[in-house]
Amino acid sequence: MYRGISIMRMSRLFAPTLREVPAEAEVISHQYLLRAGYIRKTAAGVYCYLPLAWRVLRKIEGIVREEMDRAGGQEVLLPALQPAEIWQESGRWDVYGKELFRLKDRHERDFCLGPTHEEVITVLVRGEINSWRDLPKRLYQIQTKARDEIRPRLGLIRCREFIMKDLYSFDRDEEGLEDSYQAMYEAYRRIFTRCGLTFKAVEADSGAIGGTGSHEFTVLADTGESVIAYCNSCGYAANLERAVASDATIKNESDEQQLPIQKVSTPDKHSIEDVTGFLGVDATKLVKTLIYRITYRERQEMVAVAVRGDRDVNEIKLKNALDALEVELADAVAVEEITGAPVGFAGPIGLEDVPILADPEVTVIANAVVGANEIDAHFINSNYERDWKAAKVLDLKNVVAGDPCPHCNAPLDTTRGIEVGHIFKLGTKYSSALNATYLDENGQAQYIIMGSYGIGIPRTMAAAVEQSNDEDGIIWPVPIAPYHVSIVPVNYNNDEQREWAEELYHQLTAAGIEVIIDDRDERAGVKFKDSDLMGFPLRITVGPRSLKENKVEIRLRADGTTWLVDKTEVVAKVQSELMAHQPQRQL
RNA sequence: CGGGGUAUAGCUCAGCUUGGUAGAGCGCUUGCUUGGGGUGCAAGAGGCCAGCGGUUCGAAUCCGCUUACUCCGACCA
């Protein structure tokens, strides 16, 4: 189980530790990975992985490889440098936008650095796979991707260059795709479980990659960028971008008597808080009307979006509903032009030049407050249908904790997390654009049905640190720890301690355990601190106190549990502790 | 891209307001000391003060531009 003969002395290890927190590091994983000497930054979002980090990354990769192979994957390595032609052919040269690192060769030909590899692999496969007999195929690689991120941040969590495992599945039909997708779903669960992570698989928006179905694998951590909503009673879980609330409670909203609409003066009351405070009503009685600029491939238009005053517009849902390339809030000038009033007084009544899209919730507010499209004025007692109508009524809001689950109506919970894996059903999006077909049993050409499945490897490492640390440093889950055990002789200059430390070091190494010995001429405290910071699961202290009884101390990093162990029992004890701390299957 | 912030020794920062030629702590080197949670003492090494331009007798310090880094909002593994 703990194979791999890798021995190391701390005196030789290239892992410069820092006592202070570098100013650039905001989140725990970034701070500890820098301080413990795992990574160094080369440019914003571009990092060097030092030996300890590389060992962790290779362990994660090893787990990923095993599970990909188990799920029928075959490893390949595709080019990072890619010609523009294939991106032009798929249409993404223009659509992918500024995130694509573009460059020219000496002949002025366009190239890019691969942010993902659908084009390359589809072009590869279309030339070589011709018959239904060649399918299915599942090909993967573990390779460096380049994306010119808008804003790299959070250390390894959002980088411009990062290692990714990407697998592409090629099937004959939807049924085959379903098989591949399920195989990957299961493989991902195994991978993140084996890495010792607490995670959720959630329904996700398929975003720029495109396609018909998608799940994200999200490691739960407060510092994560994604928000997920989940239901504890039925298991529903979805990314906030996609999560919906049941409309069960919407329907039986109010039986309040409709009052006559009335314009009121609301001087200088722009925000929801201003208006609710001024009029003494709850935000749920307000209709928030926002003007959006919608960009399509060849044109732009403005729309008004109405949601309840306490809600936020979900721009992903808006974008998907309109099949738009981009949606953004209109600027103040445009708002004034369209509504005839400064920002803060927009409302659905009398808004004639733009279509109104309304969330279902706003259609049931009795006697709502809405902007009057006039400076310093709102309407009170407005009612949907009587006073205004939307062009379309559809779900456009972010869910919040407490909203009813769409499946079982139990209250939803929300939590933050780090998206470490994402699986997509692509269908024929790329095979049709790039003309990747096979001949079926009837000699008919059919588009290959594809899926794509990614895992961010460094991000997974960072997520593990986010999830498992304390005030002293990292606490690695055993399966991805760079070394299992550190041996700390309290005083390496002492002959007895040194000899025993060396002896144990060789015994453990011979048993296949990955061990590092701190042979530095440092104070015990320094060595303890570094060992804790670096996060090795077990530490063996060889010092005079226990040596008197022919014993050494074995200490568990996770909770500080310490055992005094006879020197002859060390290997057995270490093995049993490592085994005991293997992650359990969590399904 | 928009909005803020920062840039001085390897790291964390002072110095700038009020221009006069560079500092601390940690780390590093050497020696002694100490030796179970970042020992103590002493002596050292180390800076084109991000870059460019301007003002001035004189600029880390004042002014302008540029670049990099970083935080807050739209993308994604």
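Located above this text is the structure these notes cover.
Every chain's residues receive numbers from 1 upward, in the order its sequence appears when written. Here the convention is simple: chains get letters from A, ligands get numbers from 1, in the order in which they are written. For this predicted model, a pLDDT threshold of at least 70 governs which residues receive local features, and a threshold of 80 or more governs which side-chain atom pairs are given and counted, while totals over whole chains, interfaces and linings are taken from all residues. The side-chain numbers reported here are obtained from all heavy atoms of the structure, hydrogens and water having been left aside.

Novice: Would you mind going over the overall build of chain A with me for this structure?
Specialist: Regarding its fold elements, chain A presents 16 helices and 32 strands. Think of it in three bands: with a 1.4 Å probe and only protein chains considered, a residue is buried below 20% of the maximum accessible area for its type, exposed above 50%, and partly exposed in between. Counting over 587 residues, chain A shows a buried share of 54%. Within chain A, counting contacts between residues at least 6 apart in sequence, those at least 24 apart form 70% of the total. In short, Shrake-Rupley with a 1.4 Å probe defines the accessible areas, and a residue's cover is counted only from the protein chains shown. Entry remark: accessible area of chain A is about 26,200 Å², with carbon and sulfur atoms responsible for 47%. Under the convention used here, Asp and Glu are negative, Lys and Arg are positive, and both His and the chain ends fall outside the count. Every charge is mapped to an atom, namely NZ of Lys, CZ of Arg, CG of Asp or CD of Glu. For chain A, the distance from the average site of its 69 positive side-chain charges to the average site of its 91 negative ones is 5 Å. A helix here means a DSSP run of H or I that spans at least four residues, while a strand means a run of E at least two residues long, and both kinds are numbered starting from the N terminus. Pairs of residues are marked as contacts when any of their non-hydrogen atoms sit within 4.5 Å.

Novice: Would you mind going over unusual backbone geometry with me for this structure?
Specialist: Most of the time, phi is negative for any residue but glycine, and the peptide bond is trans. Here the residue pair Leu 135 and Pro 136 is connected by a cis peptide bond, since its omega of 0° sits within 30 degrees of zero. Structurally, Pro 136 can be placed in the loop between helix 5 (118-128) and strand 8 (137-146). Look at Asp 376: it is not a glycine, yet its phi comes out positive at around 60°. The residue Asp 376 is located in the loop between strand 19 (368-371) and strand 20 (377-382) in this model. A positive phi is found at Glu 385, a non-glycine position, where the angle reads about 80°. Looking at the secondary structure, you find Glu 385 in the loop between strand 20 and strand 21 (392-393).

Novice: Help me out: how do you make sense of the nonpolar core in this one?
Specialist: Considering soluble globular proteins, one finds that nonpolar side chains tend to be buried as a cluster. By convention a nonpolar core is built from buried Ala, Val, Leu, Ile, Met, Phe, Trp, Tyr and Cys residues, the set being connected through side-chain atoms within 4.5 Å. Judged by nonpolar contacts, the single largest core of 69 residues is most densely connected at Tyr 38, Tyr 188 and Trp 476. For Trp 476, the residues in contact, after removing those within four places along its chain, are Leu 33, Tyr 38, Val 56, Met 461, Ala 464, Val 465, Ala 481, Pro 482, Met 534, Gly 535, Phe 536 and Pro 537.

Novice: Sorry if this is basic, but what is going on with the packing of helix 13 (residues 495-510) against helix 16 (residues 570-580) here?
Specialist: Each pair of packed helices can be described by the angle between their axes along with the distance between the axes. Here helix 13 crosses helix 16 at 50°, and the two axes come no closer than 10 Å. Looking at the two axes, helix 13 sits oblique to helix 16. Taken as a pair, helix 13 and helix 16 cross one another with a handedness that is right-handed. Taking contact as the criterion, the partners of Leu 504, Gln 507 and Leu 508 in helix 13 are, on helix 16, Val 570, Val 571 and Val 574. Class assignment for the residues of the contact of helix 13 with helix 16 results in 5 nonpolar, 1 polar and no charged. Here an angle of 0 to 180 degrees is reported between the N-to-C directions of two axes, which are lines fitted to C-alpha atoms, with helices fitted over the stretch in contact. Here the angle decides the label: under 35 degrees means roughly parallel, over 145 means roughly antiparallel, 65 to 115 means roughly perpendicular, and every other value means oblique. Whether a crossing is left-handed or right-handed is set by the direction in which the near helix is turned from the far one by less than a right angle, anticlockwise for left-handed and clockwise for right-handed. Gly is put with the polar residues, along with every residue not named as nonpolar or charged; the nonpolar set is Ala, Val, Leu, Ile, Met, Phe, Trp, Tyr, Cys and Pro, and the charged set is Asp, Glu, Lys and Arg.

Novice: Is there a simple way to explain the sheet that holds strand 21 in this structure?
Specialist: Hydrogen bonds between backbone groups are what pair the strands of a sheet, and the pairing can be parallel or antiparallel. Ordered by their spatial adjacency, 5 strands build an open sheet running 17-15-16-18-21, and the pairing between neighbours is mixed. Bordering the open sheet on either side are strand 17 (326-329) and strand 21, each of which pairs with just one other strand. Across 2 bridges, strand 18 (residues 356-358) lies against strand 21 in parallel orientation. Paired with Leu 357 across the strands is Lys 392, a residue of strand 21. Together, strand 15 (287-295), strand 16 (300-308), strand 17 and strand 18 form the strand contacts of helix 9 (residues 315-322), whose direction differs from that of strand 17 by roughly 130°. Strand pairing requires that DSSP identify at least two bridges connecting the strands.

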